[in-house]
Amino acid sequence: MARRIDVRGAGGVGLAAWEFADPPKTDPEHEPGVLLLHGLMGRASHWAATARWLSERHRAVALDQRGHGQSEQPPQVAYTRDAYIDDAEAAVEQLGLGPVVLIGHAMGALTAWQLAAKRPDLVRALIICDMRASALGGASQREWADWFKTWPVPFATLADVRKWFGEDDPWVDRPNPARGAFFAEVMHESADGWRPVFEPERMLKSRETWVYDAHWEELAQVRCPALVVRGLDGELGRAEAQEMVRVLPRGQYAEVTDAGHFVHYDQPDAWRAVIEPFLDAVLMG
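Residues numbered from 1 in each chain as written. Predicted model: local features only at pLDDT ≥ 70, side-chain atom pairs only at ≥ 80, totals over all residues. Heavy atoms only, no water.

## Regarding the pairing of strand 5 (residues 100-105)
By the criterion of burial, strand 5 is predominantly enclosed, with six of the six residues buried. On strand 5, burial covers both faces: V100, L102 and G104 on one face and V101, I103 and H105 on the other are all buried. Remark: the strand 5/helix 3 (residues 107-118)/strand 6 (residues 123-129) crossover connection has right-handed handedness. (Buried < 20%, exposed > 50% of the residue type's maximum accessible area, 1.4 Å probe, protein only. Helix = DSSP H or I, 4+ residues; strand = E, 2+ residues; numbered from the N terminus. Right-handed = clockwise from strand over helix to strand, strands pointing away.)

In structure tokens:
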């Protein structure tokens, strides 16, 4: 069971925050609070399994970020880095989660470490899941634009969604049912079939605001304990991940085998095994 909480982000944008605990944890015994931030094209429900076990000890809330899930989709001009960071800051403050543990995947991880750098008073600890600090550049942005054009939308059924993203997508090296399921969660049924809940153009606009820049400077400004987690077959290479750990003043490293980019979704048990000891140490600190 999920409980929706409405939050107002930067510029008054309506954001949907979700608690997956039953009953919801709102008392001080479940501090520190945890805010979970999905990646580009993701949604809060991708964190459901993580949020449920976190809720045994924390008040864990997952946020549909602007343009994603059931949050509002403002005009193109609103998809800036500052907007995403300010949204997360507003969610922490309005939900009373601070000092918070931020857990972010991909773009959500970038938002998390940028918020931790901006508001050290608000962030108790940080978990970065498969996000690079290096600039990816224009070629990467063009690849994404071309990739969106290959999507055979609308899909006739959700089974077709799972098959295409899990097997037929040219970006898939070998069959990956978890990837298919991941994308099935971001589809909704329309009159002519199944389409993404987001606008691909707005995803590209969001990505454009960070893909051309490196983000090492913000990493160096993160004062709280931070764990960098990579999937062995993900997008973050080991050398870069270890350099991120070196740059972080209080950085630690972990990797999950048999996992791709969607680490927490591919291998939920192994993901829990690497982040739970870090969280235990934060609580004891």
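Here the narrative resumes, following the displayed structure.
## Some words on the nonpolar core
L35, M41, W113, L126, I128, W151 and F183 are the most contacted members of the largest nonpolar core, which has 68 residues in total. The dominant element in this core, judged by the number of residues it contributes, is helix 3, at eight residues. The residues touching F183, leaving out its near neighbours within four places in the chain, are M41, W147, W151, V161, F165 and F262. Residues L54, V101, A125 and V263 belong to the second largest nonpolar core, which totals 29 residues. (Core = buried A, V, L, I, M, F, W, Y, C linked by side-chain atoms within 4.5 Å. Contact = heavy atoms within 4.5 Å.)

## Re the sheet that holds strand 2 (residues 14-19)
Across the sheet, eight strands lie side by side as 1-2-4-3-5-6-9-10; this open sheet has mixed pairing. Of all strands in the sheet, those bounded by a partner on one side alone are strand 1 (3-8) and strand 10 (251-256). On average, each strand axis in the sheet is inclined to that of its neighbour by 25°, with strand direction left out of account. Sheet analysis places strand 6 next to strand 9 (residues 226-231), joined by four bridges and oriented parallel. Considered in strand 9, the bridge of I128 is made with V228. Set on the sheet, helix 9 (residues 238-247) makes contact with strand 6, strand 9 and strand 10; between it and strand 10 the angle comes to about 155°. (Pairing = 2+ DSSP bridges. Axes fitted to C-alpha atoms, helices over the stretch in contact; angles between N-to-C directions.)

## Concerning the packing of helix 2 (residues 81-95) against helix 3
Look at helix 2 against helix 3: their axes get within 9 Å of each other, and the N-to-C directions meet at 75°. With respect to helix 3, the element helix 2 is oriented roughly perpendicular. For the pair helix 2 and helix 3, the contacting residues are R81, Y84, I85, D86, A88 and E89 in the first and M107, L110, T111, Q114, L115 and K118 in the second. When grouped by side-chain class, the residues that make up the contact of helix 2 with helix 3 number six nonpolar, two polar and four charged. (Parallel < 35°, antiparallel > 145°, perpendicular 65-115°, else oblique. Nonpolar A, V, L, I, M, F, W, Y, C, P; charged D, E, K, R; others polar.)

## Looking at unusual backbone geometry
Here G98 and P99 are connected by a cis peptide whose omega angle stands at -5°. Inspection of the secondary structure puts P99 in the loop between helix 2 and strand 5. Of note, the amide linkage connecting V153 to P154 takes the cis form, showing an omega dihedral of 0°. Along the chain, P154 falls in the loop between helix 4 (137-150) and helix 5 (158-168). At D258, a position not held by glycine, the phi torsion is positive, near 60°.

## A few points about the side chain of H38
Along the chain, the position of H38 falls in the loop between strand 3 (34-37) and helix 1 (48-54). In this structure H38 comes out as buried when scored by relative accessible area, which is 2%. A distance of 3.5 Å separates the side chain of H38 from the backbone oxygen of L63, its partner in a polar contact. Non-local contacts of H38, meaning those with residues more than four positions away in its chain, are made with R43, A44, W47, L63, D64, Q65, H68, H105, M107 and G108. (Polar contact = N/O pair within 3.5 Å; in protein donor to acceptor, adjacent residues only side chain to side chain.)

## With respect to the packing of helix 4 against helix 7 (residues 200-211)
One way to put it is that helix 4 packs onto helix 7 with a least axis distance of 11 Å and a crossing angle of 170°. Between helix 4 and helix 7, the angle falls in the class roughly antiparallel. Of the residues in helix 7, those touching helix 4 at G137, S140, Q141, W144, A145 and F148 are P200, M203, L204, R207, E208 and V211. Residues that form the contact of helix 4 with helix 7 fall into these classes: seven nonpolar, three polar and two charged.

## Quick notes on the side chain of T111
By the secondary structure assignment, T111 is in helix 3. Of note is the side chain of T111, whose polar atom sits 3.0 Å from the side chain of R81. Excluding anything up to four places from it in sequence, T111 contacts L37, Q65, R81, Y84, I85 and A88.

## Some remarks on the packing of aromatic side chains
Per the counting criterion, the structure on display carries 21 aromatic pairs. Summarising the aromatic geometry, the rings of W151 and F183 are spaced 6.1 Å apart at their centres and angled 85° between planes, so their arrangement reads as edge-to-face. Linking W151 in the loop between helix 4 and helix 5 with F183 in helix 6 (residues 177-184), this pair joins segments that are 32 residues apart in sequence. Across the pair, F183 and W151 agree in class, each one buried. (Phe/Tyr/Trp six-rings, centres within 6.5 Å; stacked < 30°, edge-to-face > 60°.)

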